[in-house]
Amino acid sequence: QVQLVESGGGLVQTGGSLRLSCAASGSDFSIGAMGWYRQAPGKQRELVATATSGGSTNYADSVKGRFTISRDNAKKMVYLRMNSLKPEDTAVYYCNSVIFVLGSLRPQGYWGQGTQVTVSS
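The shown structure was predicted, so the numbers you read here are calculated from the model rather than taken from an experiment.

### Considerations on the overall build of the protein chain
Now for step 1: When helices and strands are counted, the protein chain shows 0 helices and 11 strands.
Now for step 2: For the protein chain, the α and β elements follow one another from N to C terminus as β-β-β-β-β-β-β-β-β-β-β.
Now for step 3: Relative to the 2.2 N^0.38 estimate, which gives 14 Å for 121 residues, the radius of gyration of the protein chain is 14 Å and therefore close to what a compact globule would have.
Now for step 4: Taken along the three principal axes of its C-alpha coordinates, the protein chain extends 50 × 25 × 20 Å.

Encoded structure:
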């Protein structure tokens, strides 16, 4: 069974930085696109950044220039470096990945359990 596990969240002051990590574990699978989403209280989950296996990236306008997504395909990990954090970045951050499980007819989307990021003003 494939699992995504995030780490690296926490409490930081405005202007600070954090790095989130997400590790995919399991057996007999390969990974397509990986990304980060976030959900603030009372709001819908929104895309933050995505990265394809080939290295193409995409960012929400609200984080462009401040956040950087990267991945290590050999380690099956994706990272989110967050700089110049603002109170409006406060949310639960979720890792998402398109997973190709050996024997399955189609890829599936997997989610991590989420990690809290709180930015104090």
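Moving on, there is more to tell.
### Side note on the pairing of strand β5 (residues 46–51)
Both faces of the sheet carry side chains from a regular strand, because those side chains alternate between them.
Now for step 1: The sheet contact formed by strand β4 (residues 29–39) and β5 spans 5 bridges and is antiparallel. Paired with Gly-35 across the bridge in β5 is Thr-50.
Now for step 2: Where β4 hands over to β5, the hairpin turn is made up of 6 residues, of which Gly-42 adopts a positive phi near 80°.
Now for step 3: The pairing of β5 with strand β6 (residues 57–59) spans 3 bridges and is classified as antiparallel. Its bridge partner being in β6, Ala-49 is matched across the sheet by Tyr-59.
Now for step 4: Hairpin connection of β5 to β6: 5 residues between the antiparallel strands, including Gly-55 at a positive phi of 105°.

### Digging into the nonpolar core
Now for step 1: Ranked by size, the top nonpolar core spans 30 residues in total, and within it Trp-36, Val-48, Phe-67, Ile-69, Leu-80, Met-82 and Tyr-93 carry the most contacts.
Now for step 2: Listed by contribution, the elements that provide at least two residues to this core are β3 (18–25), β4, β5, β7 (67–72), β8 (77–82), β9 (91–101) and β11 (115–120).
Now for step 3: Excluding residues that lie within four positions of it along the chain, Phe-67 makes contacts with Arg-38, Val-48, Tyr-59, Leu-80, Arg-81, Met-82, Asn-83, Leu-85, Asp-89 and Tyr-93.

### Let's talk about the sheet that holds β7
Strand pairing within a sheet occurs via backbone hydrogen bonds; the two strands may be parallel or antiparallel.
Now for step 1: Taken together, the 4 strands give an open sheet; going across it, the order is β1-β3-β8-β7, and neighbouring strands pair in antiparallel fashion. Every interior strand has two partners, whereas the edge strands, β1 (3–7) and β7, have only one. Ignoring strand direction, the axes of neighbouring strands in this sheet form an average angle of 15°.

Rules and cut-offs
- Residues numbered from 1 in each chain as written.
- Predicted model: local features only at pLDDT ≥ 70, side-chain atom pairs only at ≥ 80, totals over all residues.
- Heavy atoms only, no water.
- Helix = DSSP H or I, 4+ residues; strand = E, 2+ residues; numbered from the N terminus.
- Rg over C-alpha atoms; globule rule 2.2 N^0.38 Å.
- Pairing = 2+ DSSP bridges.
- Core = buried A, V, L, I, M, F, W, Y, C linked by side-chain atoms within 4.5 Å.
- Buried < 20%, exposed > 50% of the residue type's maximum accessible area, 1.4 Å probe, protein only.
- Contact = heavy atoms within 4.5 Å.
- Axes fitted to C-alpha atoms, helices over the stretch in contact; angles between N-to-C directions.

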